[in-house]
Amino acid sequence: MDTGLLLPALLTGIFCYLGVIETPWLFGMTGGFYIVGRPLVAGLLVGIAFGDVQAGILCGLAVQAVFIANLTTGGATNSEITYAAYGGIGLALATTKDPAVAVTLAILIGQTFGLIFYNSRMAAYSFWNTRAQTAAEKNDDRGIVLNHVVYPQITTFLLRAVPVFLAIFLGKGLVNWLLSNVPQVVTDIISVLGGVLPALGIAMLMSIVVKEKAHLIFFFAGFVLMAFAGLNMIALVFIAALVAYIVFLATGNASNAQPKTANQSADSTVFEDDDLF
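Residues numbered from 1 in each chain as written. Predicted model: local features only at pLDDT ≥ 70, side-chain atom pairs only at ≥ 80, totals over all residues. Heavy atoms only, no water.

Student: In this structure, what is going on with unusual backbone geometry? I would like to understand it.
Tutor: Excluding glycine, residues mostly carry a negative phi; peptide bonds, for their part, are mostly trans. Despite not being glycine, Phe27 has its phi angle at roughly 65 degrees, a positive value. Within the element layout of this structure, Phe27 appears in the loop between helix 1 (6–18) and helix 2 (29–36). For Asn139, which is not glycine, the phi torsion reads 55 degrees and is therefore positive. Here Asn139 lies in the loop between helix 6 (99–137) and helix 7 (141–181). For Asn139, a relative accessible area of 67% puts it in the exposed group. (Helix = DSSP H or I, 4+ residues; strand = E, 2+ residues; numbered from the N terminus. Buried < 20%, exposed > 50% of the residue type's maximum accessible area, 1.4 Å probe, protein only.)

As C-alpha cells, then:
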C-alpha cells in the first residue's frame, strides 16, 4: 500500500464529489457538472493532485473524446461520466500515466461501478425525499433541512468520494499486477482500443452535429491543415472562427434577400412612375 497516494486519491475523490449536479458548493450544474465534472477539467485537477499536469491533461483529453457525445435522457444514462473521469484518470496517473489505459479504465468504471453507485444514490434520494415530504406535512423545519439538504449531501459524498478514493488508493496494485501479468497481445489490444475509442467519440459527436454532408468539408479541411500544414490547435481555432463568421454572414444575407412578388414589383413601378410627375 503506497501511502504517497493518500492525498492525491483523497483530493480526486473530493473533486468527483464536487463535480456532480446535486452538490451546491460549485453551483450544481453551472460550476460542478458542466465544468468540474467534465473529463478535460478532471484531467487538469487530477494532474495537479498527482503533481503531473501534463499527463493529467493528456489523459483528460483522451477520456473527454470518448464521452464527448455522451447524452443523458431524463434520468437515464448509459455511463456515469464523473466516475469515469476521476476514477479512470486517477488510476491511470497512479499507474502507467498512459492515456489509452485511462480510456480503458474510465469506460470500465463509468459503465459498471459508476452506474451501480448512480442508481444506489437515486434510490437513497427517494428515501430522503419521502422523509422530507413527511416533515413538510408536519411543519418540521429541522426535518426538512436534514432530509432535503444534509442527509442527501452526506449520501452523495459517501457514494462519490469514498469509492473513487478507495479505487485509486487500493487499486493501484491490482492494475499494475494485471498490466504486468497479462500477455503482451492483450496489452497491445488495450492500447489500440484506447486510441480508437476517442475517434469513435468524435464520430458520434459528428453524427449529432453534422446535419448536411457538405458540412464535412470543414472537418476535413481542418484535419488537412493540422496534419499536413503543421498548424497547432490555437491557430486552427482562429481560422475556424473566421470561416464560421464568413459562412454566417453569407447565409444571413441570403436569407434576408427575399424575392419580390409580382404585386410588390408592380407597386414599386407605379410609385416610381408617379415620382416622375
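Next comes the rest of the account.
Student: So what exactly am I meant to see when it comes to the UniProt feature "transmembrane region" (unreviewed entry) in the protein here?
Tutor: In this structure's numbering, the residues bearing the UniProt feature "transmembrane region" (unreviewed entry) are residues 6–28, 40–69, 100–118, 157–179, 185–210 and 217–250. Across residues 6–28, helical content stands at 57% and strand content at 0%; the span's end C-alpha atoms are separated by 27 Å. Secondary structure content for residues 217–250 is 85% helix and 0% strand, and the end C-alpha separation is 17 Å. (UniProt positions renumbered as here; feature names shortened; annotations may be inferred.)

Student: I'm lost on the packing of aromatic side chains in this one. Help?
Tutor: Geometrically, a pair of aromatic rings is defined through the distance of the ring centres and the angle of the planes. For the structure on display, the rule yields eight aromatic pairs. Aromatic pair Trp128 and Tyr151: ring centres 4.8 Å apart, planes at 40 degrees, arrangement tilted. Separated by 23 residues along the polypeptide, Trp128 in helix 6 and Tyr151 in helix 7 bring together distant segments of the chain. Here Tyr151 falls in the partly exposed class, since its relative accessible area comes to 27%. Residues Phe219 and Phe220 carry aromatic rings whose centres are separated by 5.4 Å and whose planes lie at 75 degrees to one another, so their mutual orientation is edge-to-face. Judged by relative accessible area, Phe219 falls into the partly exposed class, the value being 37%. Phe220 gets classed as partly exposed once you look at its relative accessible area, which sits at 48%. The cationic tip of Arg38 hangs over the ring face of Phe33; the distance from NZ or CZ to the ring centre is 4.5 Å. (Phe/Tyr/Trp six-rings, centres within 6.5 Å; stacked < 30°, edge-to-face > 60°. Lys NZ or Arg CZ within 6 Å of the ring centre and 35° of its normal.)

Student: I would appreciate a short explanation of the side chain of Thr155 in the present structure.
Tutor: Looking at the element boundaries, Thr155 is found in helix 7. Residue classification places Thr155 among the buried positions, given a relative accessible area of 12%. Among all residues touching Thr155, those that are not within four sequence positions of it are Ala124 and Trp128. (Contact = heavy atoms within 4.5 Å.)

Student: Whenever I open this one, the pattern of salt bridges confuses me. Can you help?
Tutor: Oppositely charged side chains can form a pair if their charged atoms are brought close together. Under the counting rule described, the total for this entry stands at three salt bridges. Between Glu80 and Arg160 there is a salt bridge, with the nearest N and O atoms lying 2.7 Å from each other. Pair noted here: Glu80 is in the loop between helix 4 (53–66) and helix 5 (81–94) and Arg160 is in helix 7, with a separation of 80 residues, a long-range link. Classification of Glu80 as buried rests on a relative accessible area of 6%. (Salt bridge = Lys/Arg side-chain N within 4 Å of Asp/Glu carboxyl O.)

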